[in-house]
Amino acid sequence: MAFNFPAFSYIIALIVDAFLIFFSLFHVIAFDELKTDYKNPIDQCNSLNPLVLPEYLLHLLFNILFAAAGEWFSLLINIPLIAYHMNRYRTRPVMSGPGLYDPTSIMNADTLTRCQREGWIKLAFYLLSFFYYLYGYVIALERAHDHTEPKSLNKLCVCLLQNDLLPYFNVNAPR
């Protein structure tokens with residue numbers, strides 16, 4: 001079985017996407033805890049803000065691999081989320097450290113609802129992407145397999161004759 005760079009990029013995307021699913025699930029749970037007053041906003045923002053840049057960089061990593069592998073459709077379906085991440089980080093509140101969530105404004109009902117909806121949408125996107133990357137991995141392996149295997153019966157016969165394997169197949173036997 002042949003292994004090629006597109007298949008490698010899909011494997012990396014599958015692994016990273018599993019982490020991104022956990023990140024977005026953590027965000028959904030964290031915002032639900034804020035909504036139900038289970039945790040205070042300062043502790044929650046201190047646990048959410050360190051995950052923002054790794055999420056964005058991991059998502060960007062496998063999209064760079066897709067671009068290098070020439071997987072343009074996979075890159076195309078990820079470009080809107082990359083643009084959203086860039087815009088979201090560019091327009092973040094003024095803070096002393098990296099992150100998106102400000103403890104003073106996170107408890108605002110509109111902000112909390114928007115952040116929770118963002119978490120659910122990202123979770124759905126990453127879940128759908130996971131299955132698409134699995135499909136893309138299989139297709140990439142199939143494309144690599146097609147380039148290494150003979151494509152017709154004539155080529156198979158030539159391959160068998162060159163390797164002196166044809167007598168073992170008893171081609172002229174009655175059926």
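Residues numbered from 1 in each chain as written. Predicted model: local features only at pLDDT ≥ 70, side-chain atom pairs only at ≥ 80, totals over all residues. Heavy atoms only, no water.

K.L.:
Help me understand the pattern of salt bridges in this model?
P.N.:
A side chain of one charge can pair with a side chain of the opposite charge if their charged atoms are brought near each other. In the structure shown here, the tally under the stated rule is four salt bridges. One salt bridge connects Arg-143 with Glu-71, and the closest N-O pair in it is separated by 2.9 Å. With a gap of 72 residues between them, Arg-143 in helix α4 (residues 109-148) and Glu-71 in the loop between α2 (41-69) and α3 (72-90) connect regions that are remote in the sequence. Among the salt bridges present, the one from Lys-122 reaches Glu-118, with a minimum N-O distance of 3.3 Å. Placement of both Lys-122 and Glu-118 in helix α4 is noted, with a separation of four residues, approximately one turn of the helix. Looking at Lys-122, the relative accessible area reads 6%, which means it is buried. Residue Glu-118 is classed as buried on the basis of its relative accessible area, which comes to 7%. Connected through shared salt-bridge partners, Glu-55, Arg-88, Glu-118 and Lys-122 make up one network. (Salt bridge = Lys/Arg side-chain N within 4 Å of Asp/Glu carboxyl O. Helix = DSSP H or I, 4+ residues; strand = E, 2+ residues; numbered from the N terminus. Buried < 20%, exposed > 50% of the residue type's maximum accessible area, 1.4 Å probe, protein only.)

K.L.:
Can you help me understand the UniProt feature "transmembrane region" (unreviewed entry) in the protein in this one?
P.N.:
What UniProt calls "transmembrane region" (unreviewed entry) maps, in this numbering, to residues 7-31, 56-83 and 123-141. With 100% helix and 0% strand, residues 7-31 has its two end C-alpha atoms placed 36 Å apart. Counted over residues 123-141, helix gives 100% and strand 0%. Its end C-alpha atoms are 27 Å apart. (UniProt positions renumbered as here; feature names shortened; annotations may be inferred.)

K.L.:
Would you mind going over the packing of α2 against α3 with me for this structure?
P.N.:
Angle between the axes and distance between the axes: these two values describe a pair of packed helices. For the pair α2 and α3, the least separation of the axes is 10 Å and the interaxial angle reads 150 degrees. In terms of orientation, α2 lies roughly antiparallel with respect to α3. For the crossing formed where α2 meets α3, the hand is left-handed. Each of Val-52, Leu-53, Glu-55, Tyr-56, His-59, Leu-60, Phe-62, Asn-63, Phe-66 and Ala-67 in α2 lies in contact with α3, whose residues at this interface are Trp-72, Ser-74, Leu-75, Asn-78, Leu-81, Ile-82, His-85, Arg-88 and Tyr-89. A per-class count over the contact of α2 with α3 returns 12 nonpolar, five polar and two charged. (Axes fitted to C-alpha atoms, helices over the stretch in contact; angles between N-to-C directions. Parallel < 35°, antiparallel > 145°, perpendicular 65-115°, else oblique. Left-handed = near helix turned anticlockwise from the far one by under 90°. Contact = heavy atoms within 4.5 Å. Nonpolar A, V, L, I, M, F, W, Y, C, P; charged D, E, K, R; others polar.)

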